[in-house]
Amino acid sequence: QFWRFLLRRNLPASSLCKMHFALLGLGDSSYSQFNYVAKRLSKRLLQLGASAMLPLALGDDQHDLGPDAVIDPWLNQLWELLLRQFPLPAGCEVLSDRHCPAPRFTATVLDSLSYADIGQPVARQQPPSMAAPPADSTSTPA
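None of these values were measured; they are calculated from a predicted model. (Residues numbered from 1 in each chain as written. Predicted model: local features only at pLDDT ≥ 70, side-chain atom pairs only at ≥ 80, totals over all residues. Heavy atoms only, no water.)

Undergrad: Looking at this model, I keep getting lost on the overall build of the chain. Mind explaining?
TA: Helix and strand counts for the chain stand at 3 helices and 6 strands. Ordered by position from the N terminus, the helices and strands of the chain form the series α-β-β-α-β-β-α-β-β. Within the chain, buried positions represent 18% of all 142 residues. Relative to all contacts within the chain whose residues are 6 or more apart in sequence, the contacts with residues 24 or more apart total 65%. Looking at the chain as shown, the accessible area adds up to about 12,300 Å², and 57% of this sits on carbon and sulfur atoms. (Helix = DSSP H or I, 4+ residues; strand = E, 2+ residues; numbered from the N terminus. Buried < 20%, exposed > 50% of the residue type's maximum accessible area, 1.4 Å probe, protein only. Contact = heavy atoms within 4.5 Å. Areas by Shrake-Rupley, 256 points an atom, 1.4 Å probe, with all protein chains shown as cover.)

Spelled out as C-alpha cells, the structure:
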C-alpha cells in the first residue's frame, strides 16, 4: 500500500518536503534490474520534495569486498550525520566498534535429554548432514 500510495500521479510535488531520508539498497549487479527498487524509491521521494541526507548507496554482492564495501562507509556517514543533527545527551557517548555487550542469554550443551516428570527419555538424533546416506544397492562406486 505504501508503494502504491507513493506512485499516485496526483500527489503534489511538495508532499514530502519535510521528509529527510537516507537510503541503502542491497543487490547484485549481475541482475539487469540491479537495485531497481532502491533507485526508483529514491527518485520518487526526491520527486515528491523529500531531501536526501546522504547520496543513495547501492550495495553489490558482486563487489570484490561484497556489499560491505558500500554498507560500512555509508553507515559511518549516516551515524556521523545523525550525531551532528541529534547530539547525545550529556554524559552519554558512542560505543566503539570494538565494544561487545554482555550476552543476555546463555546456552548449555546437554549430553542427553530426558523428561523426568514423564519418564520417557528423548532419543538424540543426528542432523541430516551427519547421518549416514541411505544404502542404495543400485549405485556403483565411480
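Next, the rest of the story.
Undergrad: In this structure, what is going on with the confidence of the model for the chain? I would like to understand it.
TA: Of all residues in the chain, 77% have pLDDT values of 70 or greater, and the mean over the chain is 84. Averaged pLDDT values over the elements of the chain bottom out at 52 in strand β5 (residues 114–115) and peak at 97 in strand β3 (residues 51–52). (pLDDT = per-residue confidence, 0-100.)

Undergrad: Teacher, can you tell me more about unusual backbone geometry here?
TA: Most peptide bonds are trans, and most residues other than glycine sit at a negative phi. Of note, the phi angle at Asn35 is positive, near 50 degrees, even though the residue is not glycine. As for its placement among the helices and strands, Asn35 is situated in the loop between β2 (24–27) and α2 (36–47).

Undergrad: Please explain α2 as it appears in this structure.
TA: One turn of an α-helix holds 3.6 residues; hence residues three or four places apart share an orientation. Across its 12 residues, α2 extends 16 Å between first and last C-alpha, which sits within 8% of the 16 Å expected from 1.5 Å per residue. Every buried residue of α2 is listed here: Ala38, Leu41, Ser42, Arg44 and Leu45. For α2, the angular spread of buried residues about the axis comes to 165 degrees, placing them on one side. Residues of α2 that are buried sit in contact with α1 (2–6), β1 (20–21), β2 and β4 (57–60). Gly49 lies just past α2 and shows a positive phi near 95 degrees. (Expected span 1.5 Å × (residues − 1). Arc of directions from axis to C-beta.)

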